[in-house]
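So the chains spell out like this:
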Amino acid sequence: MSPNLDSPVQTQMAVPLFNSLLSGEYHGKRRMEGKPTGRRRVFVQTETGCVLGMELDRSDNAHTVKRRLQLALNVPTEESSLTFGDMVLKNDLSAIRNDSPLLLTRNLLHRSSSTPCLSPTGRDIQQRDQSGPIEILGHSISFARTRQLVKEIVKAMKIGVDPIPVHSGLGGAYYFRNSRGESVAIVKPTDEEPFAPNNPKGFVGKALGQPGLKRSVRVGETGFREVAAYLLDYDHFANVPPTALVKITHSIFNVNDGVSGNKPHNKKLVSKIASFQQFIPHDFDASDHGTSSFPVTDVHRIGILDIRIFNTDRHAGNLLVRKLDGVGRFDQVELIPIDHGLCLPESLEDPYFEWIHWPQASIPFSEDELEYIENLDPIRDSDMLRSELPMIREACLRVLVLCTIFLKEAAAFGLYLAEIGEMMSREFRGGEEEPSELEVVCIEAKKLLAEREILSPKAEAGDDEFQFDIDCEEAAEFGYAPKMATEDFVVRAPFHFGFLGCSGRNPLSKLEESIEEEEEYEGEEEEGRFVGFRQGEKISTASKLSMSLKNISLGEKNPTHLKFPGSKLENGYLASSSSGHRSANEQLPPSPSFVKLADMNDEEWFLFLEKFQELLYPAFAKRKSVTIGQKQRQRLGTSCQF
């Protein structure tokens, strides 16, 4: 029988004896050496958490992969789909690269509450995964430190040093230790995330791939976002600890027993796909220390990263604070940002930036910081993530591109970090959640794009892209968008982005004098209103947006971030925690989605970005005028360490 989508189910991975695992430290690349071209190693995960590593060759297709999975794990594969990020795989597996994770999902009408993963029979032993206890997914040079940590941990496991579960937090997490018993890494299995089938703390009820704690971040997909934040932190600019995605096997991991969610008494070896992050020794987190002593540079650099990746959960608990020792460093500290699983959402929503009201965020960027921002290239970043994390969805990459353009243009205009964060954040007015200034610009850009298509005789009905089927009741929340290549961008884009030439400003940013001539509209007191221009022609964005927002339904609102009452930190990690239990049906009400980026095809997306950039300058000018007009701004603290 098939697993029930809405119920936690038992997942048990059949693996060889642990001693044989420890005897062969498998890290992926060596296994591929000497094999014919075209052979790739992939990791197939069921929506209930089962994981199997297998070798693919040119003759393999989706059917053969499902068959191997069925033989090895005894899982039902009828009426199922094999997915790879946005793609539903059929016969052709040529797009799959080495070390790629695939997800087997079941169709809604064929799910039940039975146990999906049973032990294999003797005749199927050849189908078992013979890899080592920790296997890194990917071979980036950025994972060098992670490979060293893996060796230390495997050595410790051989002499009986077991990991320690983290009791705080909403999801399952484990400290893995070296041979001296020191915690050196924190591991978070994807199937133990909040609302995932094997969550150890009662937050269960959804299958992998469904909308999760944040509706724009699916269950089981926070792990690769942690890795993305690390990979995007070029030159260790923001101090993100080394992070990688791994397949890891141990008996400590949680496996829920059937629909009850109870844990089995006899622990068995299970394999998990998990994020693996270096554990950073520290003294406390930002919630336990006065923020006025935080270095301006650290706050700026973390803020720059948060803007780029549209971090929806940057609270004080995931900013670790470490005292710096040495002569002349009395009372000096450094900040280490962790927990980036809720960044790069599939659509814009309400971010949360703890630093937005810190005094450091209202200090101008330094020359070094401005140079770093100017050199950012969102197209290069997207291509890098596609290469290193091929399962990442195109909608996430579009958010990255949009936010990087926004950051570059805002910094070049002269906005401070706090002002940029405020423009990205929503406000509650009259009990309703209003779109942020960033979203207002996006809404107007999409409206201008729609008007252009209506007037253009080249518009064809057949250009619409189909929507990716999530196979659940919230499917309409997420759109499919095809992957765009850099070559397509260069050939097809009829305009020039400032970020490609690192100029930081587009030609339309010279319209400053036009702002002064704009008429003031009576009754328009909201900060989020501004005036947009289209090739020198003045447009009343305020009046147009009042019409375009009329039919937007504002749903129930969620708190500004994910810290729950009664949360308690454990070594500074997983601060967004709760001692109680919450099912998927009792999760926080979702934020409204004012604008989607994934519902445009490539050509529409490029044209949208053109319109978006045209509207940025007047929006920045409006924000700057509002800031100057505020005689007194509330500040938390009286001094900063420079």
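It should be noted that the structure appears before, not after, this text.
Note that the structure is predicted; figures quoted are calculated from it, not measured.

## Digging into the overall build of the protein
Tallying secondary structure elements over the protein gives 15 helices and 18 strands in all. In the protein, buried positions account for 60% of the 642 residues. In the protein, the share of contacts with a sequence separation of at least 24, taken over all contacts with a separation of at least 6, comes to 76%. Accessible area of the protein: about 26200 Å², with a carbon and sulfur share of 49%.

## As for the nonpolar core
By size, the foremost hydrophobic cluster in this structure holds 128 residues, and its most contacted members are Leu-385, Leu-402, Phe-608 and Phe-612. Looking at which element gives the most residues to this core, the answer is helix 9 (residues 394–413), with 12 residues. Taken domain by domain, the makeup of this core includes at least three residues from each of domain 1 (40–106) and domain 2 (136–256 + 267–279). If sequence neighbours within four positions are ignored, Phe-612 has contacts with Leu-402, Ile-405, Phe-406, Leu-438, Val-441, Cys-442 and Ala-445.

## Quick word on unusual backbone geometry
A positive phi is found at Phe-195, a non-glycine position, where the angle reads about 75 degrees. Residue position: Phe-195 is located in the loop between strand 9 (183–189) and helix 5 (222–232). Residue class for Phe-195 comes out buried when judged on its relative accessible area of 0%. The backbone phi angle of Phe-310 is positive, close to 50 degrees, even though this residue is not glycine. With respect to the helices, strands and loops of the structure, Phe-310 is situated in the loop between helix 6 (296–309) and strand 13 (319–323). The exposure class of Phe-310 is buried, given its relative accessible area of 1%.

## A short note on the packing of helix 9 against helix 10 (residues 417–424)
Where helix 9 meets helix 10, the axes come as close as 10 Å, and the angle between the chain directions of the two elements is 140 degrees. Accordingly, the angle class assigned to the pair helix 9 and helix 10 is oblique. Of the two elements, helix 9 crosses helix 10, and the hand of that crossing is right-handed. Of helix 10, the residues touching helix 9 (which contributes Cys-403, Phe-406, Leu-407, Ala-410 and Ala-411) are Ile-420, Met-423 and Met-424. Tallied by class, residues from the contact of helix 9 with helix 10 come to eight nonpolar, no polar and no charged.

## Notes on the pattern of salt bridges
Pairing between side chains of opposite charge can happen when their charged atoms approach one another. Here the structure, examined in full by the defined rule, presents 29 salt bridges. Between Glu-394 and Arg-386 there is a salt bridge, with the nearest N and O atoms lying 2.9 Å from each other. Judged by its relative accessible area of 0%, Glu-394 is buried. Each of Asp-86, Arg-218, Glu-221, Arg-225, Glu-346 and Arg-393 takes part in one network of salt bridges that share partners.

## Considering the sheet that holds strand 8 (residues 174–177)
The six strands lie next to each other as 6-10-11-9-8-7, forming an open sheet whose pairing is antiparallel. Across the chains shown, the open sheet's two edge strands, defined by having one partner strand only, are strand 6 (134–136) and strand 7 (164–165). Both strand 9 and strand 11 (residues 270–278) contribute to a ladder of five bridges, which runs antiparallel. When the sheet's bridge partners are listed, Pro-189 is paired in strand 11 with Ala-274. Where helix 4 (residues 144–158) meets the sheet, it contacts strand 6, strand 8, strand 9, strand 10 (243–250) and strand 11, and its direction lies at approximately 170 degrees from that of strand 6. The strands that helix 5 touches are strand 9, strand 10 and strand 11; relative to strand 10, the one it contacts most, it runs at about 140 degrees.

## Considering the sheet that holds strand 14 (residues 333–337)
Reading across from one edge, 12-13-14 is the order of the three strands in this open sheet, with antiparallel pairing throughout. Of all strands in the sheet, those with a lone pairing partner are strand 12 (284–285) and strand 14, marking the two edges. Taken together, the five bridges between strand 13 and strand 14 define a ladder with antiparallel strand orientation. The residue bridging Arg-322 from the neighbouring strand is Glu-334, located in strand 14.

## Things to note about the packing of aromatic side chains
One pass over the structure, following the stated rule, counts 12 aromatic pairs. On the basis of an interplanar angle of 80 degrees and a centroid distance of 5.2 Å, the ring pair of Tyr-174 and Phe-253 is categorised as edge-to-face. In this pair, Tyr-174 is assigned in strand 8 and Phe-253 in the loop between strand 10 and strand 11, connecting sequence segments 79 residues apart. For the residue pair Tyr-174 and Phe-253, the accessibility class agrees, reading buried in each case. Taken together, a centroid distance of 5.3 Å and an interplanar angle of 55 degrees make the contact between Phe-294 and Trp-358 tilted. Residue Phe-294 is found in the loop between strand 12 and helix 6, and its partner Trp-358 is found in the loop between strand 14 and helix 7 (367–374); the two are separated by 64 residues along the sequence. Across this residue pair, the class does not change: Phe-294 and Trp-358 are buried. Here a set of aromatic residues connected by ring pairs shows up, and it is made of Phe-406, Phe-413, Tyr-617 and Phe-620. A cation over an aromatic ring shows up here: Arg-380 above the ring of Tyr-234, its NZ or CZ 4.8 Å from the ring centre. Its end group placed over the ring of Tyr-416, Lys-624 keeps NZ or CZ at 4.3 Å from the ring centre.

## Quick word on the packing of helix 6 against helix 9
The description of two packed helices rests on the angle between their axes and on the distance between the axes. The geometry of helix 6 relative to helix 9 is characterised by a closest axis approach of 7 Å and an angle of 135 degrees between their N-to-C directions. When the axes of helix 6 and helix 9 are compared, the pair comes out oblique. Taking contact as the criterion, the partners of Ile-304, Ile-307 and Arg-308 in helix 6 are, on helix 9, Val-399, Leu-400, Cys-403, Thr-404 and Leu-407. In terms of residue class, the contact of helix 6 with helix 9 is built from six nonpolar, one polar and one charged.

Cut-offs and rules
- Residues numbered from 1 in each chain as written.
- Predicted model: local features only at pLDDT ≥ 70, side-chain atom pairs only at ≥ 80, totals over all residues.
- Heavy atoms only, no water.
- Helix = DSSP H or I, 4+ residues; strand = E, 2+ residues; numbered from the N terminus.
- Buried < 20%, exposed > 50% of the residue type's maximum accessible area, 1.4 Å probe, protein only.
- Contact = heavy atoms within 4.5 Å.
- Areas by Shrake-Rupley, 256 points an atom, 1.4 Å probe, with all protein chains shown as cover.
- Core = buried A, V, L, I, M, F, W, Y, C linked by side-chain atoms within 4.5 Å.
- Domains from an automatic or database assignment.
- Axes fitted to C-alpha atoms, helices over the stretch in contact; angles between N-to-C directions.
- Parallel < 35°, antiparallel > 145°, perpendicular 65-115°, else oblique.
- Left-handed = near helix turned anticlockwise from the far one by under 90°.
- Nonpolar A, V, L, I, M, F, W, Y, C, P; charged D, E, K, R; others polar.
- Salt bridge = Lys/Arg side-chain N within 4 Å of Asp/Glu carboxyl O.
- Pairing = 2+ DSSP bridges.
- Phe/Tyr/Trp six-rings, centres within 6.5 Å; stacked < 30°, edge-to-face > 60°.
- Lys NZ or Arg CZ within 6 Å of the ring centre and 35° of its normal.

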